[in-house]
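# Coordinates in review
Spelled out, the chains give:
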Amino acid sequence: MKLENEDKQLIFEIVAARYFTTQNWKWVNLRKDLNKILKSYEELNEQYASYSYVSRDWYVENMGSRNIHMCNTWDELKNLVAFLDTYGKTFHFLVNTGNRKSFCIVSDSRDLNETQAHAIKEIQKLGYNTFVFLATVPDEIQFQLLQVRGVN
């Protein structure tokens, strides 16, 4: 059976996520969880509007959504959300290696398109690292369909 590009992309993301997990890195799949980051930003703003005597940095540090956006300060979260509004669909993962936060593109090619190259330049201005997780998957996958008969 021939694999479509969408199938390959999903396999790449599974392999990358498994690698990040084995390295004990924190990671967020931006294809699946981008809206959670944006929603946590909105919730933080709502909390701050209700209780403005507490600093926004405190909310960023102490809200349960910190494991999703991985930010430590209000300015960092605000800049991250502004970036994601424009370039969020360009990257596949936000990864925290423990030393540094990085944006990751998963692909089978070293070649970047113009949008990716521009997004990398922009996110590096904010102090994030970037990398491409290269993987290869065959164009076709072999399988068998076996009929299992009931036991009497």
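Everything below is about the structure shown above.
To keep things clear, this report deals only with the structure shown in the data block.

Calculation rules
- Residues numbered from 1 in each chain as written.
- Predicted model: local features only at pLDDT ≥ 70, side-chain atom pairs only at ≥ 80, totals over all residues.
- Heavy atoms only, no water.
- Helix = DSSP H or I, 4+ residues; strand = E, 2+ residues; numbered from the N terminus.
- Expected span 1.5 Å × (residues − 1).
- Buried < 20%, exposed > 50% of the residue type's maximum accessible area, 1.4 Å probe, protein only.
- Contact = heavy atoms within 4.5 Å.
- Pairing = 2+ DSSP bridges.
- Axes fitted to C-alpha atoms, helices over the stretch in contact; angles between N-to-C directions.
- Parallel < 35°, antiparallel > 145°, perpendicular 65-115°, else oblique.
- Left-handed = near helix turned anticlockwise from the far one by under 90°.
- Nonpolar A, V, L, I, M, F, W, Y, C, P; charged D, E, K, R; others polar.
- Patch = residues over 30% accessible without salt bridge, like charges linked within 9 Å, V, L, I, M, F, W, Y side chains within 5 Å.
- Areas by Shrake-Rupley, 256 points an atom, 1.4 Å probe, with all protein chains shown as cover.
- Salt bridge = Lys/Arg side-chain N within 4 Å of Asp/Glu carboxyl O.
- Phe/Tyr/Trp six-rings, centres within 6.5 Å; stacked < 30°, edge-to-face > 60°.

A separate point is helix α5 (residues 74–87). Taking 1.5 Å per residue as the helical rise, α5 with its 14 residues ought to reach 20 Å, and the 20 Å between its terminal C-alpha atoms agrees with that figure. Among the residues of α5, those classed as buried are W74, E76, L77, L80, V81, F83, L84 and Y87. Where α5 is buried, its residues touch α2 (30–50), α3 (56–62), α4 (66–69), β2 (93–96), β3 (101–107) and α6 (114–125).

Each strand in a sheet pairs with another by means of backbone hydrogen bonds, the pair being arranged parallel or else antiparallel. Read across the open sheet, the 4 strands follow the order β1-β2-β3-β4; overall the sheet is mixed. Every interior strand has two partners, whereas the edge strands, β1 (26–29) and β4 (129–134), have only one. Pairs of neighbouring strands in the sheet enclose a mean axial angle of 25°, with direction left out of account.

Bringing the packing of α2 against α5 into the picture now. Two elements in contact, α2 and α5, have axes separated by 11 Å at closest approach and are oriented at 135°. On the basis of the axis angle, α2 is oblique to α5. By crossing handedness, the relation of α2 to α5 is classed as left-handed. In contact with L30, L34, I37, L38, Y41, L44 and N45 of α2, α5 contributes W74, L77, K78, L80, V81, L84 and D85. Among the residues making up the contact of α2 with α5, the classes are represented as 11 nonpolar, 1 polar and 2 charged.

This part takes up a nonpolar patch on the surface. On the surface, a nonpolar cluster with roughly 500 Å² of combined accessible area is contributed by M1, I141, F143 and L145. Here L145 shows up in the segment after β4. Looking at L145, the relative accessible area reads 80%, which means it is exposed.

With that settled, the discussion passes to the packing of aromatic side chains. Under the defined criterion, the tally for this structure stands at 16 aromatic pairs. Ring geometry for F20 and F131: centres 6.2 Å apart, planes at 80°, overall edge-to-face. In this pair, F20 is assigned in helix α1 (residues 5–22) and F131 in strand β4, connecting sequence segments 111 residues apart. The exposure class assigned to F131 is partly exposed, which follows from its relative accessible area of 24%.

The next thing to look at is unusual backbone geometry. Here the phi dihedral of N24 falls at roughly 60°; this positive angle occurs in a residue that is not glycine. Relative to the elements of secondary structure, N24 occurs in the loop between α1 and β1. Using a relative accessible area of 70% as the deciding quantity, one classes N24 as exposed. Here the phi dihedral of M70 falls at roughly 60°; this positive angle occurs in a residue that is not glycine. With respect to the helices and strands, the residue M70 is situated in the loop between α4 and α5.

Charged atoms that come close allow side chains of opposite charge to pair. Under the counting rule described, the total for this entry stands at 7 salt bridges. Among the ionic pairs, D75 bridges to K78, the shortest N-O distance being 3.8 Å. You can see D75 and its partner K78 sitting in helix α5, 3 residues apart, about one turn around the helix. Residue classification places D75 among the partly exposed residues on the basis of a relative accessible area of 46%.

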